[in-house]
Every structure is written in structure tokens, then in C-alpha cells.
Amino acid sequence: MAEIIQEEKAKGGKKKAKKHAPHIDMTPMVDLMCLLITFFMLTTAFSKAKVMEIILPEKITDPNQKQPAVVGSRTVNIILGPDNRVFWYPASVKPEDYNNLPPLNETDFSAKGIRQLLLERNRTLARKIADFNAQVTSGKIVLTQDSVRGSISKLKSDDDTGPIVLIKAYKKANYGNFVDMLDEMNICGVAHYMFVDITWYEEKMVETAITAAPTTPTSPK
Amino acid sequence: MPKIKLPTKSPSIDMTPMVDTFCVILTFLMLTTTMRQPEPATVDTPYSISEKPTPDFNTMTFLLSNDGKVFINFDNGPDTLLKFRPKILDEMGKRYSIEFTDKERRDFEKYPSSIGVPILKMKDFLDISDNKARKAFQTGVPIDSTDNQLAMWILCARQVNPNIQACIKGDTKTEFPVVKKVLDILQDKNVNRFNLITSLEATKINLEEIQK
């Protein structure tokens, strides 16, 4: 390519001064190209950012329309607190208990914290999904990836034993925790979770929990 | 015994094939690379296990910095000839009765990163060509209920491109009320499906950390 090959004339005659084909020193060019390749390889964004899709329920604008009722016994309320703290309480608070609010339980974002809590409650569904996945990977069920996903979401929507998780955020919570929480829902395969506004009594509960334990009782991470 | 004659010439390696390969690799990388555009605010996205890639077009991205500012970014659509960005700007201009010149529209179209400029200052922002001076204008899009320009941007963007999807790129430390506010504004405009931009959990090292 870069070398120019001159045809050697076999004919006799005058001897030309140049016998050899002229060599071009390509070393600087190769050096430069090496540098450029390295530069481009390092700057190329190989891993594109990923997205997590969430679909929020439509806002209720019609005052006659009521919020969908939630089965109390299956509900788990998770409240994101300040300083990466997370609280939870089961079921719901009845109006007559407003003066005598139940205490909040504190947990954390580690695998032994919130994940265990959710997995315990979500055991039947999690097992169903795991069984299904095992059957797919072992070849007992042959399906395309799309229908696998469809079947899993069917399993999820049919589920009526798992928890209904209500995620609430205290005003000093941060966005990272919110995403962590949604991620945790995906990891645990929780079928029903909702993101709802925090109520005034829950804010109060968080405040009492914070004053009772100003710092996290468990060691950080 | 005759001595073995050493070759007098130094051995020359034919580098042509190597150069050829390098050329090919270089061209490939140059064509495929997408340069990382510096955002007006550094944002450390949270991690998740989601593996869905970010959509390439039909997106409006809301950048929520950790000091509570909101920046917006649109793309030009699947075909650059569609010129969604200047069209959105025109729509915005109509609502705030600001007329943008052709140069300003081009500048807006070419601007590589997110924009967080109140619409009344947009003209000044686009007229300056110095990137450093432009930075001073990036004070975030107003989201108060009295002057809700973000809602207007969303409305205009959806008018120009009905297929547009909302992406939210928030910093891990962004306070939740800001996020909530943006989500509320989007929901008021009947956008109920969001893409939260996250990094994959397994790759916890990102470029900014290496550079530090």
C-alpha cells in the first residue's frame, strides 16, 4: 500500500542510478496511528447508560373516582428516610390510631435488610418465577425470550399472596434511594408495588423514629 | 572453513499489513465513537440491575442535578432532517412571544448538551458563542407553579414529536422533592411512563471516577 514498487526493467541498456524501490519509513505513521487507536478505544462509550422503566398510575382528576382499595393485611409500607435510612411498617394505620401511632421498623438497603424482608413475604411468587426460569433454562419448556417475559408478567399479575408494597418518600429522602427501592422490587420480583405520597401521620412516625434513634443502629454497609 | 557471512543489511520488516489493519481499526473506531458530551452539571446516576438500553431517539431527558436544578435535552428525532429541536424552540418562542433568528435556531439545534436556561434569557444565551460565558446562563429551568416553564417545554416537545418518551437522569443525591415535582409536572401532562437512566450495577466504575 504505502510501498511503491517499481517495475524493474529487464531490458538491457543504461543502468539507472536507483536500483532499489524507494522505502518509505512508516514508523512515525504507525506510531501516530497507535496513539489514535488507543485514544479512540479509551474514549468510546462502550457501555451505554441503561434505563429502568416505571409506569405510574394515572392521576385521579375526577373527585368522584376513588383510589383503588388495597388489602390491608398484605400491605408493606416502605418509607425512605433521610441519610439513606429506610423504615417500614406492615398493614396500615387506622384513623383511630392517629394519636397512638405504631413504631416504625428500621432496615437498610443491604441484601440482608430490605431484600430479605421482601423475599420472605414474596416467597411463593419468587419460587414460582424461579421454578419457571429453571424449567426454561433446563430445556423443559421451550419458549422465545419474549414469551418468557410475558409468562413471568402473567405469573406476577395472577399472584395474590405476595406483598403489596407502598413506597413513600420522606421529604429529605434522595433520588438514589428511590431508584434503589424500585430496583429492589425488580430483584425480588414483587408483583404489586406502588409509589404513593407520604401522609402526615407517616411523616410524624418518621420524625419520632429519627428522634428515638438519631443514627443508624446497624453499622453502615 | 569459510565463515558464515552475516547479512550486511539490517532486516526490514514489511509493515504494510500492520498499517492496513491499523487503518481499518482506526476508521471503524472513528466512525462508531460517540463523544461523551459534558453535561452542565455532573450527575452520578444510581445503579440498577436493569439491562434495557437507553433509547437513541424520541427522547426528552430531564437532568436533575444534586443542587435541585433541572436541565432539559431533546433529540432531533430518528432523522436529523426532522429538526425536532429547533421546532420545539419555535413552539416555545410562540408561547412566550419570542422570535428566534435562523442562527439562534441552528445554535439551539447544534448545542451538544442539556440546557437549563429560562426561556426569557434563551436569546442571550444562544447569541453568545463562548462556551464559558454560556455556562453562567445555565441556572436551571424554572419549575415553580407560577412560572412553570418545564411544563411548557414538555407540552411543546409533545406537540412537535408525539412519540417522545421521558427520560429522567437524576443524581443519586438529588433531593426527592425535586424529583417528585418533576414527576408531578409530567403526570399533569399525562406522561405516565418514565425511563430512569441508571448505570448497570456490575460496572460501578464510570469515567468521571477514573478521571479524578
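Only a predicted model underlies this, so the values are computations on that prediction, with no experimental measurement involved. (Residues numbered from 1 in each chain as written. Chains lettered and ligands numbered in written order. Predicted model: local features only at pLDDT ≥ 70, side-chain atom pairs only at ≥ 80, totals over all residues. Heavy atoms only, no water.)

Section: the overall build of chain A
Using the following cut-off: Counting from the N terminus, the helices are DSSP H or I runs at least four residues long and the strands are E runs at least two residues long. Only protein chains enter the accessibility calculation, which uses a 1.4 Å probe; a residue is then buried when its area is under 20% of its type maximum, exposed when over 50%, and partly exposed in between. Contacts: residue pairs with any heavy atoms within 4.5 Å of one another. Working definition of accessibility: Shrake-Rupley area with a 1.4 Å probe, residue cover restricted to the visible protein chains.
Helices and strands together make up the secondary structure of chain A, namely six helices and six strands. In chain A, the succession of helices and strands from N to C terminus is α-β-β-β-β-α-α-α-β-α-β-α. Buried positions account for 33% of the 221 residues belonging to chain A. Within chain A, contacts between residues separated by at least 24 positions form 68% of all contacts whose residues are at least 6 apart in sequence. Carbon and sulfur atoms make up 56% of the accessible area of chain A, which totals about 14500 Å².

Some details on the pairing of strand β5 (residues 164-169) of chain A
All names here are of chain A. Stated precisely, the cut-off is as follows: Note on pairing: DSSP must find at least two bridges between two strands before they are called paired.
With six of six residues buried, β5 is to be regarded as a mostly interior element. The side-chain alternation of β5 yields two buried faces, one formed by Ile164, Leu166 and Lys168 and the other by Val165, Ile167 and Ala169. Bridge count for strand β2 (residues 75-80) against β5 is six bridges, and the pairing is parallel. Looking across to β5, one finds that Ile79 is bridged to Lys168. As paired elements, β5 and strand β6 (residues 192-195) share four bridges and run parallel to each other. Note on β6: the bridge partner recorded for Ile167 is Phe195.

Quick notes on the sheet that holds strand β3 (residues 86-90) of chain A
Residue and element names in this part refer to chain A. So the rule is basically this: Angles here are taken between N-to-C directions and fall from 0 to 180 degrees, while the axes themselves are lines fitted to C-alpha atoms, restricted in helices to the stretch in contact.
Spatially, the five strands line up as an open sheet ordered β4-β3-β2-β5-β6, and their pairing is mixed. Edge positions in the sheet fall to β4 (105-107) and β6, since each has one partner strand and no second. The mean inter-strand angle of the sheet, taken between neighbouring strand axes irrespective of direction, is 25°. The strands that helix α2 (residues 114-121) touches are β2, β3, β4 and β5; relative to β2, the one it contacts most, it runs at about 165°. Here helix α5 (residues 175-188) sits on the sheet and contacts β2, β5 and β6; the angle it forms with β2, its principal contact strand, is near 150°.

Looking at the side chain of A:Glu184
Residue and element names in this part refer to chain A. For clarity, the cut-off: Think of a polar contact as two N or O atoms within 3.5 Å of one another; within protein, one of them needs to be a possible hydrogen donor and the other a possible acceptor, and neighboring residues in sequence only count if both atoms come from side chains.
Along the chain, Glu184 falls in helix α5. When its relative accessible area of 4% is taken as the criterion, Glu184 is described as buried. Among the polar contacts listed, one links the side chain of Glu184 to the side chain of Arg115, at a separation of 2.5 Å.

Quick notes on the nonpolar core
Keep this limit in mind: Joining through side-chain atoms within 4.5 Å is the link that ties buried Ala, Val, Leu, Ile, Met, Phe, Trp, Tyr and Cys residues into a set, and such a set is a nonpolar core.
Counting 68 residues, the largest nonpolar core has A:Ile78, B:Met122, B:Leu150, B:Trp153 and B:Leu186 as its most contacted members. Those residues in contact with B:Leu150 that sit more than four places away from it in its chain are B:Phe62, B:Val70, B:Ile72, B:Val141, B:Pro142, B:Ile143, B:Val182 and B:Ile185.

Brief notes about the interface of chain A and chain B
Here is the rule: Joining two parts hides part of their accessible area as seen by a 1.4 Å probe, and the buried area is that hidden amount summed over both. Any Lys or Arg side-chain nitrogen located within 4 Å of an Asp or Glu carboxyl oxygen qualifies as a salt bridge.
Each partner contributes residues to the interface: chain A has 44 residues there, and chain B has 52 residues. Contact with chain B buries area across many residues of chain A, yet A:Lys50, A:Val51 and A:Tyr175 alone supply 19% of it, more than any other trio. With a shortest N-O distance of 3.0 Å, A:Glu53 and B:Arg193 are connected by a salt bridge. Linking chain A with chain B are ten residue pairs in polar contact (both at pLDDT 80 or more). Residue assignment for the side of chain A that touches chain B shows that the elements contributing at least two residues are α1 (27-43), β1 (50-55) and α5 of chain A.

Here we look at the domain arrangement of chain A
Spelled out, the test is: Boundaries of every domain are those given by an automatic assignment or by a domain database.
Looking at chain A, the domain boundaries give domain 1 (75-122 + 162-212) and domain 2 (126-158). Centre-to-centre, using C-alpha coordinates, domain 1 of chain A lies 29 Å away from domain 2 of chain A.

As for the packing of helix α6 (residues 149-160) of chain B against helix α7 (residues 176-188) of chain B
Residues and elements named next belong to chain B. Selection criterion: Angle categories are assigned with fixed cut-offs, so that under 35 degrees is roughly parallel, over 145 is roughly antiparallel, 65 to 115 is roughly perpendicular, and the rest are oblique. Left-handed is the label given to a crossing in which the near helix is rotated counterclockwise from the far helix by less than a right angle, and right-handed is the label when the rotation is clockwise. Throughout this entry, Asp, Glu, Lys and Arg are counted as charged residues, while Ala, Val, Leu, Ile, Met, Phe, Trp, Tyr, Cys and Pro are counted as nonpolar. The remaining residues, Gly among them, count as polar.
Contact geometry for α6 and α7: axes closest at 10 Å, N-to-C directions at 45°. On the basis of the axis angle, α6 is oblique to α7. Crossing of α6 against α7: the hand is right-handed. Here α6 contributes Leu150, Ala151 and Ile154 to the contact with α7, which in turn contributes Val182, Ile185 and Leu186. Its residues assigned to classes, the contact of α6 with α7 comprises six nonpolar, no polar and no charged.

A word on α5(A)
Residue and element names in this part refer to chain A. Note the threshold: Working rule for helices: expected span equals 1.5 Å times residues minus one.
Between its terminal C-alpha atoms α5 stretches 20 Å, which fits the 20 Å expected from 14 residues at 1.5 Å a residue. Counting buried positions along α5 yields eleven of 14 residues, so the element is predominantly enclosed. Of all the residues in α5, the buried ones are Tyr175, Gly176, Asn177, Phe178, Val179, Met181, Leu182, Asp183, Glu184, Met185 and Cys188. Among the residues of α5, the N-terminal cap falls to Asn174, whose side-chain oxygen and the backbone nitrogen of Gly176 are separated by 3.2 Å. Taken from the residues just after α5, Gly189 is the one with a positive phi, measuring 65°.

A few points about the state of the cysteines
Which entries qualify depends on this criterion: Criterion for a disulfide: a pair of cysteine sulfur atoms at a distance within 2.5 Å.
Taken as a whole, this structure holds zero disulfides over all chains when the rule is applied. Distance from the sulfur of B:Cys23, which forms no disulfide, to the nearest cysteine sulfur (A:Cys34) is 12 Å.

Regarding the pairing of strand β3 (residues 59-64) of chain B
All names here are of chain B. The buried fraction of β3 is high, at six of six residues. By the alternation rule, side chains of β3 split into Thr59, Thr61 and Leu63 and Met60, Phe62 and Leu64, which are all buried. With six bridges connecting them, β3 and strand β5 (residues 165-170) associate as parallel partners. Across the sheet, Thr59 pairs through a bridge with Gln165, a residue of β5.

Points about the confidence of the model for chain B
Residue and element names in this part refer to chain B. Stated formally: By definition, pLDDT measures how confident the predictor is in each residue, and it falls between 0 and 100.
When the pLDDT values of chain B are averaged, the result is 80; 91% of them are 70 or greater. Across chain B, the secondary-structure element scoring lowest on mean pLDDT is helix α8 (residues 207-211), at 39, and the one scoring highest is strand β4 (residues 70-74), at 88. Note on residues 203-212: pLDDT under 50 across the span, and nine contacts to partners over four residues away in sequence or across chains. Per the prediction output, this complex has pTM 0.71; the corresponding ipTM is 0.71.

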